[in-house]
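Structural overview for review
Chain by chain, the residues:
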Amino acid sequence: MFCKNCGNELSDRAVACPKCGEPTTEKKVINPYAPQPKDKTLAWLLWFFLAGFGAHRFYFGHTGMGILYIVLTLTSFLVIPAIVLLILWIIDATKINTWVMESYPKN
Ligand SMILES: [Zn+2]
């Protein structure tokens, strides 16, 4: 961030500008446990190239669905799992942008 008084570049944890003494009013609450915003491009790449491994589902923390994707891929020779997989894959395409938005902090 930058000092709003003099424009000096500041550390994100600075409470005041070392150059002019202006306090940084925008105090960031750093929560190490806060979920990290997801990268939209990466999510789409995972969805496109690694969907058979449920990679995009694991990326969004949907472990159960990720495992289901792997199971469906491993059983896709039975045809029906392959069809289910294809349907899920298409449905996920309509949801990825929403999941990315939801991964951003609410404030
Ligand atoms: Zn300053």
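Refer to the preceding data block for the structure.
The rules behind each value
- Residues numbered from 1 in each chain as written.
- Predicted model: local features only at pLDDT ≥ 70, side-chain atom pairs only at ≥ 80, totals over all residues.
- Axes fitted to C-alpha atoms, helices over the stretch in contact; angles between N-to-C directions.
- Helix = DSSP H or I, 4+ residues; strand = E, 2+ residues; numbered from the N terminus.
- Parallel < 35°, antiparallel > 145°, perpendicular 65-115°, else oblique.
- Left-handed = near helix turned anticlockwise from the far one by under 90°.
- Contact = placed C-beta atoms within 7 Å.
- Nonpolar A, V, L, I, M, F, W, Y, C, P; charged D, E, K, R; others polar.

**What to know about the packing of helix H3 (residues 63-74) against helix H4 (residues 80-102)**
In a packed pair of helices, the relevant descriptors are the angle between the two axes and the axis-to-axis distance. Two numbers describe how H3 lies on H4: the axes approach to 8 Å, and their chain directions differ by 140°. With respect to H4, the axis of H3 lies oblique. In this structure, H3 meets H4 at a crossing whose hand is left-handed. Every residue of H4 that contacts H3 at Tyr 69, Leu 72 and Thr 73 is listed here: Pro 81, Val 84 and Leu 85. Residue composition of the contact of H3 with H4, grouped by class: 5 nonpolar, 1 polar and no charged.

**Quick word on the packing of helix H1 (residues 40-50) against H4**
It is the contact of H1 with H4, at a shortest axis distance of 10 Å, that shows an interaxial angle of 155°. On the basis of their axis angle, the class for H1 and H4 is roughly antiparallel. When the axes of H1 and H4 are compared, the crossing they make is right-handed. Residues Lys 40, Ala 43, Trp 44 and Trp 47 of H1 form the contact with H4, whose participating residues are Asp 92, Ala 93, Ile 96 and Val 100. Along the lines of polarity and charge, the residues of the contact of H1 with H4 split into 6 nonpolar, no polar and 2 charged.

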